[in-house]
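# Chains, contacts and geometry: an overview
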Amino acid sequence: MADEPGRNLRSLSLHVPEPKYRPGDTVSFDDMEFPAAGSVARPDIAADPATLRDYPFTLIRVLDPDGQAVGEWNPRLEPDRIRAILRAMMLTCAFDDRMFRAQRQGKTSFYMKCTGEEAIAVSQAMALDRDDMCFPSYRQQGLLIARDWPLIDMMCQIYSNAGDRLKGRQLPIMYSSKEAGFFSISGNLGTQYPQAVGWAMASAAKGDTRIAASWVGEGTTAEGDFHAACTFASVFRAPVVLNIVNNQWAISSFAGFAGGESTTFAARGLGYGIAALRVDGNDALAVYAATEWAAERARSNHGPTLIEHFTYRVEAHSTSDDPSAYRPADEGLHFPLGDPIERLKQHLIRIGEWDDASHEALQAEVTAQVRDAGKEAEKLGTLSGTAFNHGFETSFEDVFAEMPPHLREQMGQSLEERRVAGV
Amino acid sequence: MNMIQAINSAMDVCMERDDGVTVLGEDVGYFGGVFRATAGLQKKYGKNRVFDAPINECGIIGVSIGMAAYGLRPVPEIQFADYIYPGMDQLISEAARLRYRSAGDFTCPITVRSPFGGGIFGGQTHSQSPEGIFTHVSGLKTVIPSNPYDAKGLLIAAIEDPDPVLFFEPKRIYNGPFDGHYDRPVQPWSKHDSSEVPEGYYNVPLGKAAVVRAGEAVTVLCYGTMVHVALGVAQESGVDAEIIDLRTLVPLDIETIAASVEKTGRCVIVHEATRTSGFGAELSAQVQERCFHHLEAPIERVTGWDTPYPHSLEWAYFPGPVRLGQALKRVMKD
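Residues numbered from 1 in each chain as written. Chains lettered and ligands numbered in written order. Predicted model: local features only at pLDDT ≥ 70, side-chain atom pairs only at ≥ 80, totals over all residues. Heavy atoms only, no water.

### Description of the overall build of chain B
Condition: Helix and strand labels come from DSSP, where a helix needs a run of H or I of at least four residues and a strand needs a run of E of at least two; each type is numbered from the N terminus. Each residue's exposure class comes from its accessible area (1.4 Å probe, protein chains only) as a fraction of the maximum for that residue type: buried when under 20%, exposed when over 50%, partly exposed otherwise. Only heavy atoms enter the contact rule, under which two residues are in contact if any of them lie within 4.5 Å. Only the protein chains shown count as cover for residues, with accessible areas throughout obtained via the Shrake-Rupley method and a probe of 1.4 Å.
A count of helical and extended segments in chain B gives twelve helices and twelve strands. Expressed as lengths along the three principal axes of its C-alpha atoms, the size of chain B is roughly 60 × 45 × 35 Å. Residues counted as buried form 65% of the 334 residues belonging to chain B. Partitioning the contacts of chain B with sequence separation of at least 6, the portion at a separation of at least 24 is 78%. When the accessible surface of chain B is summed, it comes to about 12000 Å², and 51% of that surface belongs to carbon and sulfur atoms.

### Re the packing of helix α1 (residues 79-104) of chain A against helix α11 (residues 356-379) of chain A
Residues and elements named next belong to chain A. Basically, it comes down to this: All axes are obtained by fitting lines to C-alpha atoms, using only the stretch in contact for helices, and the reported angles, taken between N-to-C directions, cover 0 to 180 degrees. Between 65 and 115 degrees an angle is taken as roughly perpendicular, under 35 as roughly parallel, over 145 as roughly antiparallel, and anywhere else as oblique. Helix crossings are classified by the rotation of the near helix relative to the far one: an anticlockwise turn of less than a right angle makes the crossing left-handed, while a clockwise turn makes it right-handed.
Interaxial distance between α1 and α11 falls to 9 Å at its minimum, and their mutual angle equals 45°. Relative to α11, the element α1 is oriented oblique. Of the two elements, α1 crosses α11, and the hand of that crossing is right-handed. Counted together, L86, R87, M90, L91, A94, F95 and R98 of α1 and H359, L362, Q363, E365, V366, T367, Q369, V370, R371, G374 and E378 of α11 form the full contact between these two elements.

### A look at a nonpolar patch on the surface
Residues and elements named next belong to chain A. What counts is decided by this rule: Only residues whose relative accessible area exceeds 30% and that form no salt bridge enter a patch; like-charged residues are grouped when within 9 Å of one another, and nonpolar side chains (Val, Leu, Ile, Met, Phe, Trp, Tyr) when within 5 Å. Any Lys or Arg side-chain nitrogen located within 4 Å of an Asp or Glu carboxyl oxygen qualifies as a salt bridge.
On the surface, L14, V16 and F257 cluster together into a nonpolar patch covering about 350 Å² of accessible area. Looking at the secondary structure, you find V16 in the segment before α1. According to the relative accessible area criterion, V16 is exposed, its value standing at 52%.

### A closer look at the UniProt feature "domain: Transketolase-like pyrimidine-binding" (unreviewed entry) in chain B
The line we're drawing: UniProt positions are given in the numbering used here, feature names are shortened, and annotations may be inferred rather than shown by experiment.
Within the UniProt annotation, "domain: Transketolase-like pyrimidine-binding" (unreviewed entry) is assigned to residues 1-176 of chain B. Taken end to end, residues 1-176 of chain B comprises 36% helix and 16% strand; its first and last C-alpha atoms sit 10 Å apart.

### Digging into helix α1 (residues 3-17) of chain B
Residues and elements named next belong to chain B. The criterion, for reference: Helix span, expected: 1.5 Å multiplied by one less than the number of residues in the helix. In the analysis that follows, any N or O atom pair within 3.5 Å is treated as a polar contact, provided that within protein one partner can donate a hydrogen and the other can accept it, and provided that, for residues neighboring in sequence, both atoms belong to side chains.
Under the 1.5 Å per step criterion, the end-to-end length of α1 is 21 Å for 15 residues, consistent within 8% with the ideal 21 Å. Burial analysis of α1 places twelve of its 15 residues in the buried class, which makes it a mostly covered element. All of the buried residues along α1 are M3, I4, A6, I7, N8, S9, A10, M11, D12, V13, C14 and M15. Two or three places before I4, at the opening of α1, N2 has a side-chain oxygen 3.1 Å from that residue's backbone nitrogen.

### As for the side chain of S123 of chain A
Residues and elements named next belong to chain A. In this fold, S123 is placed in helix α2 (residues 118-127). Judged by its relative accessible area of 0%, S123 falls in the buried class. One polar contact links the side chain of S123 to the main-chain carbonyl oxygen of A284, over a distance of 2.9 Å. S123 has contacts with I85, A284, V287 and Y288, leaving out every residue within four places of it along the chain.

### Observations regarding the nonpolar core
Threshold: For our purposes a nonpolar core is just a set of buried Ala, Val, Leu, Ile, Met, Phe, Trp, Tyr and Cys residues, chained together by side-chain atoms within 4.5 Å.
W73, I85, F95, I173, Y175 and L344 of chain A are the most contacted members of the largest nonpolar core, which has 79 residues in total. Considering every element that reaches this core, the biggest residue donor is α1 of chain A, with eleven residues. The contact partners of W73 of chain A, leaving out residues within four places of it in the chain, are V40, A41, R42, P43, Y55, I60, V62, L277, A289, A290 and W293 of chain A. Membership of the second largest hydrophobic core comes to 76 residues, among which are I244 and I274 of chain A together with M88 and I144 of chain B.

### Here we look at the sheet that holds strand β2 (residues 212-217) of chain A
Residue and element names in this part refer to chain A. The following threshold applies: At least two DSSP bridges between two strands are required for those strands to pair.
Judged by pairing direction, the sheet is parallel, and its five strands sit side by side in the order β1-β2-β3-β7-β6 without closing on themselves. The strands lining the two open edges of the sheet, one partner per strand, are β1 (133-135) and β6 (275-280). Neighbour to neighbour, the strand axes of the sheet diverge by 20° on average, direction disregarded. Where strand β3 (residues 240-246) meets strand β7 (residues 305-310), six bridges bridge the pair, whose relative direction is parallel. If you follow I244 over to β7, its bridge partner there is E308.

### A word on the interface of chain B and chain A
Put simply, the rule is: Throughout, the accessible surface (probe 1.4 Å) given up by two parts as they are put together, summed over both, is called the buried area. When residues are sorted by character, Ala, Val, Leu, Ile, Met, Phe, Trp, Tyr, Cys and Pro go into the nonpolar class, Asp, Glu, Lys and Arg into the charged class, and all the rest, Gly among them, into the polar class.
Listed by partner, the interface residues are 42 residues for chain B and 44 residues for chain A. For the pair chain B and chain A, the two sides together bury roughly 3500 Å², of which 63% comes from carbon and sulfur. Taken as a group, Y70, Y100 and R101 of chain B account for 23% of the area that chain B buries against chain A, more than any other trio of residues on that side. Summed over the shared surface of chain B and chain A, the result is two salt bridges. Note that R290 of chain B and E409 of chain A form a salt bridge whose closest N and O atoms lie 2.9 Å from each other. Counting across the chain B and chain A interface gives 19 residue pairs in polar contact (both at pLDDT 80 or more). Of all the secondary-structure elements, those providing two or more residues to the side of chain B that touches chain A are β2 (50-52), α3 (57-70), α4 (88-94) and α5 (98-101) of chain B. Considering every element that reaches the side of chain B that touches chain A, the biggest residue donor is α3 of chain B, with ten residues. Within the side of chain B that touches chain A, the residues separate by chemical class into 20 nonpolar, twelve polar and ten charged.

### Quick word on the pattern of salt bridges
Opposite charge on two side chains lets them pair, provided their charged atoms get close. All names here are of chain A. One pass over the structure, following the stated rule, counts 44 salt bridges over all chains. Ionic pairing is found between K113 and D97, a salt bridge with its closest N-O pair at 3.0 Å. Linking K113 in the loop between α1 and α2 with D97 in helix α1, this pair joins segments that are 16 residues apart in sequence. The class of D97 is partly exposed, set by a relative accessible area of 33%. Overlapping salt bridges, with partners in common, bring together R61, D280, D283 and R343 in one network.

### Some points on the UniProt feature "domain: 2-oxoisovalerate dehydrogenase E1 alpha subunit N-terminal" (unreviewed entry) in chain A
Look at the UniProt record and you will see "domain: 2-oxoisovalerate dehydrogenase E1 alpha subunit N-terminal" (unreviewed entry) annotated at residues 11-50 of chain A. End C-alpha atoms of residues 11-50 of chain A are separated by 40 Å, and the span's content is 0% helix alongside 0% strand.

### Topic: the pairing of β7 of chain A
A large share of β7 of chain A lies buried, amounting to six of its six residues. By the alternation rule, side chains of β7 of chain A split into T305, I307 and H309 of chain A and L306, E308 and F310 of chain A, which are all buried.

Here it is in C-alpha cells:
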C-alpha cells in the first residue's frame, strides 16, 4: 500500500464523472460554445475522411438566431417541403402527448416521448429515400410519422390490442414495419447497428441502390455492437448512415459515462476512418443537410458517415423514469439550442411562408388527427381493457416458420390447463 | 469425401442453387477457412458472396442478421465455437427472436457454422461444446452431424431452413471417425462407408434422429464425435446397445428416442459438454417424463466434467470408452 513505511509514491485516484448539475443546482450552459450558423464549410460528398478531421469537433448549423437559413449547408428546400417537415414534427409531438396521457390513464404500460428531438427522426426521414431501410432505436417514432405511416397502426401496437400487427408481444413503441422500411426495435441497445451495416452490405453486394441508416443514443456508443458496426462499415465501405443522438442523458447517466467528457461522440468515427459530422440536432435544416450529404455519399459508393446529433432529452427517458431525481427540473429550458419546432416555425415566418394563425391552425389539425386516430385505435382495445385479444395460443406462433412438435405439445398443454382452470 | 469436403460441397450446392446464399467469416475467403471448409468458394462465386470478416463475432452475426433482413441467406462461420460468445447477444436476443417479435414481418434465415468439441489438444479455448447454452434459447435450431453424408444433407437443410440454425461441426471427426481410443491410429473417412457422399443436391431433414445401431438391451443417446465412441464401446463390450444419433438437438426427435427407451428399458446419455445443465439433463428429463414406467435402471449421464477443458489432460476430461463402458455395465446390472 502507498502508506507503508519506506514507500514514497503518489497515490492513484479514480475519476468518476459527475454531471455539471444535480437537482437544486442553478443551471447555466454559458460555457458551451457553438460555431455560428453557416460557418462550417460543406465538403464534397466524395471527400476523403482524412480531410474531414475537424468536422467531429464543430457543429453544423443552418438556422441563425434570427431564423435565417445561412451558409453552404443550407439545403435550400422548397417552402412546401419545409412545411411538411414542420407538420411531421408537430404531429410527432402531438402523438407523444396523447400517448403519454394514455399511459398515465392506464391504457398501456409504457411510453417514450422524443420531445426536443423531433427534428432528428423527421428531417432524416425526409432526407432519405422512402425505400431506404431504417434500423431505429426507441426514440425515432418520427421516422414512421414522416413516412406517413398510419398513426392508428402505431397506437394499436402501443395498446397491444386486436389491431396490433405484433400480436401484443412487444413492449409499447417497439414498432416493426418492413413496408415502412422500419426495422423491428430491440430493447438490447446497439444491436441494430451492425444489422444496419449488414443490410447495407447486402444492398451493395447485390448492386442495389438502396442504403441503410441506424440510430443509437450517445450512451449506447459504449456498447461493443457500436464498435463492431463501425469496424464493418469502415472495412466494407458500407452504404450506411450511422446516427448518434446525443441527448445528454442515458436514463440517469449523463453523457460523461459514455466517454463524452473526453471527446465528442462524432469523433468516434475518426479511429475507424469513417467520415463523421457533428450537427445541431435542434436545427431541422442542418439535420436534413447533413443526412442528405451522408446519403448521397453512401449512394455514390464513398462509404459510411457517422453523424452526432447534438440535442437534449427534454422529457423523462420513459414513463417509468423520474428525471427530477437526477437533474435540475429546468435544465432543458436552459439548453441553448432551443426547441426544434419553434426554430423551424420562426424560419418559415422569417421567409414569409408562415404566420402565427397558420401555425395555430396546423396545431389544431394535428391534434385532431391524433385524437381521431386515438379514438379509432381504442375501439380495438387497450392493454388494460382487452389484454388477451390475440388469443393465448398465438404466443406459440412465429417462434419458427413451422411450429415444431415440442411447441405444438406445449401449446396443447397450455390450452388444456386454461380449459381446466376455466380461464 | 471427408466431413470438411462434405460441408464444402453443401455450401457449393446451395450457392449454385440460390444466389442469396452468402458466406462470411474470419479467413473464409481467399484462404478458404482454417479448416478449409470454404476452400474454392470465393474463386467460384466471387468476393460479393464469399468474404473474410474482421475478427469480431458480434459483427459477423450482427451483419448476417441484417443481410438476412435484406433477403439473403448468410452462412457465417465462427472459427471455433469457443469464440461464439461475443456474438451471443446477436444470436439470442436478435436472430432467435426476430420472427417472433416482428410477428413474421422480418425473418432471419442464417446458418451459423462452427467447429466444436475437443480431442485435438486445443486446450480450454479450442475444445468447448457450447450447444447446451443455445438449446435453452427459444427460436434457434441446433444441428450436429456425425458423418460426412449427414453433414452435407443436414447443412443443406439448415441453409434452406427459414429460421436461424446453429450448425456445430465435431472437428475431431472432420477427417475420420474416432472411437475414443486416442492412442491408436484413426482410419480416414475415405476408408469408411459413411464417406460415400453424393456430389449433387440432397438433404437430411432437420428434427429426425437416426438409429445408427439397433439393439435390445440399452439405448445410448449421443451426437457428433460421441456417436463413434458409443459404436466402438458397444462393439467392445458386447452390450446389445441401441445407439441413437440425435443429429438435431432442437427440434428434438423425442418420438424415436422414446420408442427406443420403451423397448430397451435403459438409457445412457453421452456428450462431451460439461455436465451441469448440459443437454444431457434435458434428455434425461424428457426420457423420465415419457418413459418412466418402462425404465429398469436409473438414467446414466456420461459427460465432460464441470471444469474447463484441460490441455495436457484432455483425455481425462473426454468421456471416452472407459467411462462409457463402465456406465453401460452399471445400467445393465439392475
